[in-house]
Amino acid sequence: MLTRTFPVLETERFRLRQMEEGDAPQIFDYFSKDEVTRYYDLESFQEEKQAVEIIDRWSERFQVNEGIRWGIALKETNEIIGSCGFHQWEKEHFKAEIGFEIHPTYWKKGVMSEVLKPILQYGFEEMSLNRIEAYYDPSNTASKKCLEKAGFTFEGVLRRAAFEKGVFCDAAVCSLLREEF
């Protein structure tokens, strides 16, 4: 199989790069926290091998051209503090869904606002997306504010659209179109 070259993006404070198995302790650290997985469609990690599995899944998705997930690394230490990227890529419709999470230590410090800019630009320019969607729990006001700040438009709430952690839950949906970026 041909190995694809992972694109590295940079911002003032962060290097957005491919995650490797050596990053598993940092990824486990934040995915083991209930406050991080509260609105996520997975349970809090119990073992570091779960972090290795998610890294492998994201890497495989990139290699088969089904999506891309960047690790958000601090420039000065290369430590992974979160991730952001595209999944549910529907090439025939020129759209993809964006998702992200970050270690609680870095909440409310402008991290996602900073890293979303080059990632959204990559989606529109390199992936030829016309529409980028985001789904979030309607009670997750931090994600809502972050997406609004990035220019996303709230479209509505899909009632009981997902079955996560044993319960049906609503999903708020918003989008950003190429011409709005």
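Quick summary incoming for the structure in this document. Treat the numbers as computed from the prediction; the structure is a model and nothing was measured.

1. Comments concerning the pattern of salt bridges
Under the definition given, this model contains ten salt bridges. Residue Glu 133 is joined to Arg 131 by a salt bridge in which the shortest nitrogen-to-oxygen separation is 2.7 Å. This pair shows no difference in class: Glu 133 is buried, exactly as Arg 131 is. Each of Lys 95, Arg 131, Glu 133 and Glu 155 takes part in salt bridges that share partners, so that together they form one network.

2. Topic: the side chain of Ser 175
Summarising the element assignment, Ser 175 is placed in strand 8 (residues 167–177). Only 3.3 Å separates the side chain of Ser 175 from the side chain of Arg 131, close enough to count as a polar contact.

3. Points about helix 4 (residues 111–125)
Note that an α-helix has 3.6 residues per turn; residues three or four places apart therefore point the same way. Given a rise of 1.5 Å per residue, 15 residues ought to cover 21 Å, and the 22 Å separating the end C-alpha atoms of helix 4 matches this to within 8%. Within helix 4, the axis deviates most sharply at Lys 117, by approximately 25°, and proline Pro 118 lies no more than four positions further along. The buried fraction of helix 4 is high, at eleven of 15 residues. Here helix 4 has its buried residues at Val 111, Met 112, Glu 114, Val 115, Leu 116, Pro 118, Ile 119, Leu 120, Tyr 122, Gly 123 and Phe 124.

4. Here we look at the sheet that holds strand 7 (residues 153–164)
Strand order in the open sheet made by the eight strands is 1-2-3-4-5-6-8-7, with mixed pairing throughout. The open sheet has two free edges, formed respectively by strand 1 (9–10) and strand 7, since each of these has just one partner strand. Where strand 2 (residues 14–17) meets strand 3 (residues 68–74), four bridges bridge the pair, whose relative direction is antiparallel. Of the residues in strand 3, the one forming a bridge with Arg 15 is Ala 73.

5. Remarks on the environment of Glu 53
Mapped onto the fold, Glu 53 is located in helix 3 (residues 48–63). Placed 21 residues apart in sequence, Glu 53 and Leu 74 show a C-alpha to C-alpha distance of 22 Å.

6. Regarding the packing of aromatic side chains
The description of an aromatic ring pair rests on the distance of the ring centres and on the angle between the ring planes. For the structure shown, the criterion picks out ten aromatic pairs. Pairing Phe 31 with Trp 58 gives two aromatic rings, centres 6.5 Å apart and planes at 45°, and the pair type is tilted. Here Trp 58 lies in helix 3 and Phe 31 lies in helix 1 (residues 24–31), a separation of 27 residues in the sequence. Comparing Phe 31 with Trp 58 shows no difference in burial state: the two are buried. For the ring pair Trp 70 and Phe 86, a centre distance of 6.5 Å and an interplane angle of 75° mean the geometry is edge-to-face. Within this pair, whereas Trp 70 is found in strand 3, its partner Phe 86 is found in strand 4 (residues 80–90), the two being separated by 16 residues in sequence. Under the relative-accessibility criterion, Phe 86 is labelled buried at 2%. Its end group placed over the ring of Phe 62, Arg 4 keeps NZ or CZ at 4.1 Å from the ring centre.

7. What to know about empty space enclosed by the protein
Enumeration according to the criterion identifies three cavities of 30 Å³ or more in this entry. Volume-wise, the largest cavity comes out at about 50 Å³. For the lining of the largest cavity, the element with the highest residue contribution is helix 3, accounting for four residues. Within the lining of the largest cavity, the residues separate by chemical class into five nonpolar, two polar and one charged.

8. Here we look at a negative patch on the surface
Together, Glu 21, Glu 47, Glu 53 and Asp 56 make up a region of like negative charge exposed at the surface. Look at Glu 53 and you get partly exposed, because its relative accessible area is 42%.

9. Topic: helix 5 (residues 141–149)
If you check which residues of helix 5 are buried, you get Ser 143, Cys 146 and Leu 147. One side of helix 5 carries all its buried residues, which in axial view fall inside an arc of 95°. Along helix 5, exposed side chains directed more than 90 degrees from the buried face belong to Lys 145 and Lys 149. Looking at the buried positions of helix 5, the neighbouring elements they touch are strand 5 (95–102), helix 4, strand 6 (131–136) and strand 8. Taken from the residues just after helix 5, Gly 151 is the one with a positive phi, measuring 105°.

Analysis parameters
Residues numbered from 1 in each chain as written. Predicted model: local features only at pLDDT ≥ 70, side-chain atom pairs only at ≥ 80, totals over all residues. Heavy atoms only, no water. Salt bridge = Lys/Arg side-chain N within 4 Å of Asp/Glu carboxyl O. Buried < 20%, exposed > 50% of the residue type's maximum accessible area, 1.4 Å probe, protein only. Helix = DSSP H or I, 4+ residues; strand = E, 2+ residues; numbered from the N terminus. Polar contact = N/O pair within 3.5 Å; in protein donor to acceptor, adjacent residues only side chain to side chain. Expected span 1.5 Å × (residues − 1). Bend = angle between axes of the 7 residues up to and from the residue. Pairing = 2+ DSSP bridges. Phe/Tyr/Trp six-rings, centres within 6.5 Å; stacked < 30°, edge-to-face > 60°. Lys NZ or Arg CZ within 6 Å of the ring centre and 35° of its normal. 1 Å grid on protein atoms, 1.4 Å probe; cavity = no way out; pocket = protein on both sides within 12 Å on 5 of 7 lines; lining within 4 Å. Points joined across faces, edges and corners; volume = space filled by probe spheres on them. Nonpolar A, V, L, I, M, F, W, Y, C, P; charged D, E, K, R; others polar. Patch = residues over 30% accessible without salt bridge, like charges linked within 9 Å, V, L, I, M, F, W, Y side chains within 5 Å. Areas by Shrake-Rupley, 256 points an atom, 1.4 Å probe, with all protein chains shown as cover. Lys, Arg positive; Asp, Glu negative; His and termini not counted. Charge placed at Lys NZ, Arg CZ, Asp CG, Glu CD. Arc of directions from axis to C-beta. Contact = heavy atoms within 4.5 Å.

Keep in mind these values describe shape, not function.
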